[in-house]
Amino acid sequence: MTAAASPGALPFHAPYIDYHALAPEIVLSTVVVVVLVLDLLVDETRKYLVTQLAGLGVVASAVPLLSLAARHGTHSWSMFGGAYVVDNFSLVLKALFIFTGYIVLLMSTNYIEEGDYYEGEFSFLVLSSLLGMVVMASARDLITIFVALELLSIPAYMLAGWRKRDLRSNEAALKYYLLGVLATAVMLYGMSLIFGFTGTTVLSQIGAQIAGSAGSHPIVTVGIFFIVVGFAFKVSAVPFHFWAPDVYEGAPTPVTAFLSVASKTGGFVALFQLIFVGFYGRYDVYGPLFWVLAALTMTVGNLVALRQTNIVRMLAYSSIGQAGYILVPFAVAGTNARAAHSSQTASIVYLLIYAAMNLGAFAIVIAVARRTRSGDIASYSGLFTYAPGLTVVMTIFLFSLAGVPPLGGWFAKFYVFRAVADAGTAWAWVLGVLVAVNSVIALFYYAGVARQMWMNPAPDGDRRPLRVPPPLAAALGLCALVVMAIGVYPQAFARMGDVASLLR
Amino acid sequence: MLLNEFLFLGALLFCTGVYGVLARKNGVLVLMSVELILNAVNINLIAFGAFRDTIAGQVFALFVIAIAAAEVGVGLAIVLLIYRNRRSIDLTDVDLMKG
């Protein structure tokens, strides 16, 4: 390409592109296209090939991640004038997204096949959304963040309404869509104000400009407020959470797992980059905002979860509560340099562990619903008598979510407490106390499900063993393995959180 | 140059759009209200871009326009789905799940 010869035109400089650093995205985009085309070519009885290819493609996109991690140490690739950065942070989170995507494909294989829904398009949409998340982990620019957010959200709207003739699924899609686009629009309005004040869309330049005293302009305050509110919808923080339980209940269960883990993590990743690279100097704005969001989110999430009778709604409110714990480190990030570092580690470690345990819990819900055809917590009674393996694994996930010591979830909470202790202010300690109180409240409803499974008799004395299809069993096994591995050897995950620092 | 006038128009459109999303009961009108917010964003971006003398504002606005089109496509499909199953696009009727 050459520059146009007209007098006012700027000369064209080809941007620096490192194809090795972009390899995960390139592999994923190729797989997305191949899956879409292959779905047209194979006949109805062999659609499972498309799903298998999608799974293989996701695994293939993890290979360049490993080679990048091995090559790189502390080096990072910055492309397109700092708008797209591949560094340790993005590698760790891309790995998390790809893991999540693979588990969701495993979980949905039989669900979608047996439900008489469109299989090929399902994989296509999951992969597109996954591509958006992988891009999000590298996006250090307002435009790139916006494009990545839409790429991960738009397929998710369609996935929520996958059961076309089911009114609940329709309703889930409509609610998710309307609140999603409203949140995006509000966030964009905030971005336009930030762009107007700084004259640039690259986060590192925005950070440099608003760090000084000039950055305390009200327009920056309003801009940050709108952007954080927009993403608060995405991560279902209270008071912007009301869509989440309805959408989670109405959407097909594998999609619910995808939304509650991957889509939420996508929102958190964007917040990470915006706060730690862009707005870090304006702790006076985002500190109190996140404090209120975190305190409300974990308290309301856990209290409302107590009185749920449907397991998916309970997990929805539990995941709202978990989002509150992940928001705590954001609220204390700006107090001092030590707290900034440990709060980043805390949030990243929490996201990694949350993904494994929450996906695992949803995999159990899918496995049990194959037999009981019901989402009531009461339908879990006597699970131990006919599915002892599932019961043990579900108990591990539930107690890990509750944060009981030898399991991964405890370790995640420990890191949140460490961030609070490093901040050391009175407000931070109040938040720490709230986390502790909420962990106790949460134990009640998690233990309630465990009691149903272990203590109560099976309904109708039906004790035929429960058959779990191999892909679902593999997903369960992977999640259980990660949750246990973190409990036994937490240093490995702490290291991932430590190297993934965004602060220079 | 005139900056405040454009920003005022943008803010006005933004408020109208948010009001429309919250108050309207008809699915298609809610979608139109979301479009109003996005156009408020576009006006802001282009006004700021001209004010700061940078092309980035217009580029951002182009991305917003293109992606908003894709978004509305999905939105209309979902509203159509609701209409096929219920013969109505009144959003107050869509309340099977509560609590």
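Residues numbered from 1 in each chain as written. Chains lettered and ligands numbered in written order. Predicted model: local features only at pLDDT ≥ 70, side-chain atom pairs only at ≥ 80, totals over all residues.

## Describing the overall build of chain A
Then, in step 1: Helices and strands together make up the secondary structure of chain A, namely 19 helices and two strands.
Then, in step 2: Expected size for 504 residues packed as a compact globule is a radius of gyration near 23 Å; at 22 Å, chain A falls within 12% of this value.
Then, in step 3: The C-alpha extent of chain A, read off along each of the three principal axes, is 80 × 60 × 45 Å.
Then, in step 4: In chain A, buried positions account for 60% of the 504 residues.
Then, in step 5: Sequence separation of at least 24 residues holds for 80% of the intrachain contacts in chain A that already meet a minimum separation of 6. (Helix = DSSP H or I, 4+ residues; strand = E, 2+ residues; numbered from the N terminus. Rg over C-alpha atoms; globule rule 2.2 N^0.38 Å. Buried ≥ 20, exposed ≤ 12 C-beta atoms within 10 Å, placed from the backbone. Contact = placed C-beta atoms within 7 Å.)

## Looking at the overall build of chain B
Then, in step 1: Assigned secondary structure in chain B consists of three helices and zero strands.
Then, in step 2: N-terminal to C-terminal, the α/β element order of chain B is α-α-α.
Then, in step 3: With respect to the three principal axes, the spread of C-alpha positions in chain B is 50 × 25 × 25 Å.
Then, in step 4: Split into buried and exposed, the 99 residues of chain B put 36% on the buried side.
Then, in step 5: The contacts of chain B with a sequence gap of at least 6 include a subset with a gap of at least 24, amounting to 48%.

## Concerning unusual backbone geometry
Then, in step 1: Here the residue pair A:Val238 and A:Pro239 is connected by a cis peptide bond, since its omega of 5° sits within 30 degrees of zero.
Then, in step 2: In this structure, A:Pro239 sits in the loop between helix 8 (218-234) and helix 9 (243-250).
Then, in step 3: Residue A:Phe80 is not a glycine yet carries a positive backbone phi of 55°.
Then, in step 4: Mapping A:Phe80 onto the fold places it in the loop between strand 1 (77-79) and strand 2 (84-86).
Then, in step 5: Of the residues examined, A:Phe80 has 14 C-beta atoms within 10 Å and is grouped as partly exposed.
Then, in step 6: Although it is not a glycine, B:Asp53 sits at a positive phi angle of roughly 60°.
Then, in step 7: Residue placement: B:Asp53 occurs in the loop between helix 2 (27-52) and helix 3 (56-86).

## Here we look at the interface of chain A and chain B
Then, in step 1: Facing 32 residues of chain A, the contacting portion of chain B comprises 31 residues.
Then, in step 2: Elements with a minimum of two residues in the side of chain A that touches chain B: helix 5 (142-160), helix 6 (167-198) and helix 9 of chain A.
Then, in step 3: It is helix 6 of chain A that provides the largest number of residues to the side of chain A that touches chain B, a total of 16 residues.
Then, in step 4: In the side of chain A that touches chain B, the residues fall into 17 nonpolar, eight polar and seven charged. (Nonpolar A, V, L, I, M, F, W, Y, C, P; charged D, E, K, R; others polar.)

## A look at helix 6 of chain A
Every α-helix winds through 3.6 residues per turn, so residues three or four apart in the chain are directed the same way.
Residue and element names in this part refer to chain A.
Then, in step 1: Over its 32 residues, helix 6 extends 46 Å from the first C-alpha to the last, a length consistent with the 46 Å expected when each residue adds 1.5 Å.
Then, in step 2: A large share of helix 6 lies buried, amounting to 30 of its 32 residues.
Then, in step 3: Downstream of helix 6 by a residue or two, Gly-199 has a phi angle that is positive, lying close to 75°. (Expected span 1.5 Å × (residues − 1).)

## Brief notes about the nonpolar core
Then, in step 1: In terms of nonpolar packing, the biggest core is built from 226 residues, with A:Met136, A:Tyr350, A:Ile353, A:Ala363 and A:Ile364 touching the most fellow members.
Then, in step 2: Those residues in contact with A:Ile353, other than ones at most four positions away along the chain, are A:Gly408, A:Gly409, A:Phe411, A:Ala412, A:Ile486 and A:Phe493. (Core = buried A, V, L, I, M, F, W, Y, C linked by C-beta atoms within 7 Å.)

## Brief notes about the confidence of the model for chain B
Then, in step 1: Of the residues in chain B, 97% have a pLDDT of 70 or more, and the chain-wide mean is 89.
Then, in step 2: Interface confidence in the predicted complex, given as ipTM, is 0.94; pTM for the same model is 0.92. (pLDDT = per-residue confidence, 0-100.)

## Some words on the environment of A:Tyr280
Then, in step 1: You can see A:Tyr280 is positioned in the loop between helix 10 (253-278) and helix 11 (283-306).
Then, in step 2: What A:Tyr280 contacts, discounting residues up to four positions off in sequence, is A:Gly207, A:Ile275 and A:Gly334.

## Structural notes on helix 1 (residues 4-23) of chain B
All names here are of chain B.
Then, in step 1: Here helix 1 is 20 residues long and its end C-alpha atoms lie 28 Å apart, about the 28 Å a rise of 1.5 Å per residue gives.
Then, in step 2: Buried within helix 1 we find Leu-7, Gly-10, Leu-13, Phe-14, Gly-17 and Val-21. End-on view of helix 1: buried residues confined to an arc of 125°, all on one side of the axis. Residues Asn-4, Glu-5, Phe-8, Tyr-19, Leu-22 and Ala-23 are exposed on helix 1 and point more than 90 degrees away from its buried face. (Arc of directions from axis to C-beta.)

## Regarding the packing of helix 11 of chain A against helix 17 (residues 426-455) of chain A
Residues and elements named next belong to chain A.
Then, in step 1: Interaxial distance between helix 11 and helix 17 falls to 9 Å at its minimum, and their mutual angle equals 15°. Classified by the interaxial angle, the pair formed by helix 11 and helix 17 is roughly parallel. For the pair helix 11 and helix 17, the sense of crossing is left-handed. Every residue of helix 17 that contacts helix 11 at Trp-291, Ala-294, Ala-295, Met-298, Thr-299, Asn-302, Leu-303, Ala-305 and Leu-306 is listed here: Trp-427, Leu-431, Leu-434, Val-435, Asn-438, Ile-441, Ala-442, Phe-444 and Tyr-445.
Then, in step 2: Across the contact of helix 11 with helix 17, the residue classes break down as 15 nonpolar, three polar and no charged. (Axes fitted to C-alpha atoms, helices over the stretch in contact; angles between N-to-C directions. Parallel < 35°, antiparallel > 145°, perpendicular 65-115°, else oblique. Left-handed = near helix turned anticlockwise from the far one by under 90°.)

## Let's talk about the environment of A:Val285
Residues and elements named next belong to chain A.
Then, in step 1: One can find Val-285 in helix 11.
Then, in step 2: Looking at Val-285, the number of C-beta atoms within 10 Å reads 21, which means it is buried.
Then, in step 3: Between the C-alpha atom of Val-285 and that of Ser-216, which follows or precedes it by 69 residues, the distance is 9.2 Å.

## Remarks on the packing of helix 8 of chain A against helix 11 of chain A
All names here are of chain A.
Then, in step 1: Where helix 8 contacts helix 11, the axes come no closer than 10 Å and their chain directions differ by 30°. By the criterion of interaxial angle, the relationship of helix 8 to helix 11 is roughly parallel. Regarding helix 8 and helix 11, the two cross each other, and that crossing is right-handed. Across the interface between the two elements, Thr-221, Ile-224, Phe-225, Val-228 and Ala-232 from helix 8 touch Val-285, Tyr-286, Leu-289 and Leu-293 from helix 11.
Then, in step 2: Across the contact of helix 8 with helix 11, the residue classes tally to eight nonpolar, one polar and no charged.

## What about the confidence of the model for chain A?
Then, in step 1: When pLDDT is averaged across chain A, the result is 87; 95% of the residues are at 70 or more.
Then, in step 2: Within chain A, the element-level pLDDT minimum falls on helix 19 (residues 491-499) of chain A, averaging 73, and the maximum on helix 5 of chain A, averaging 94.

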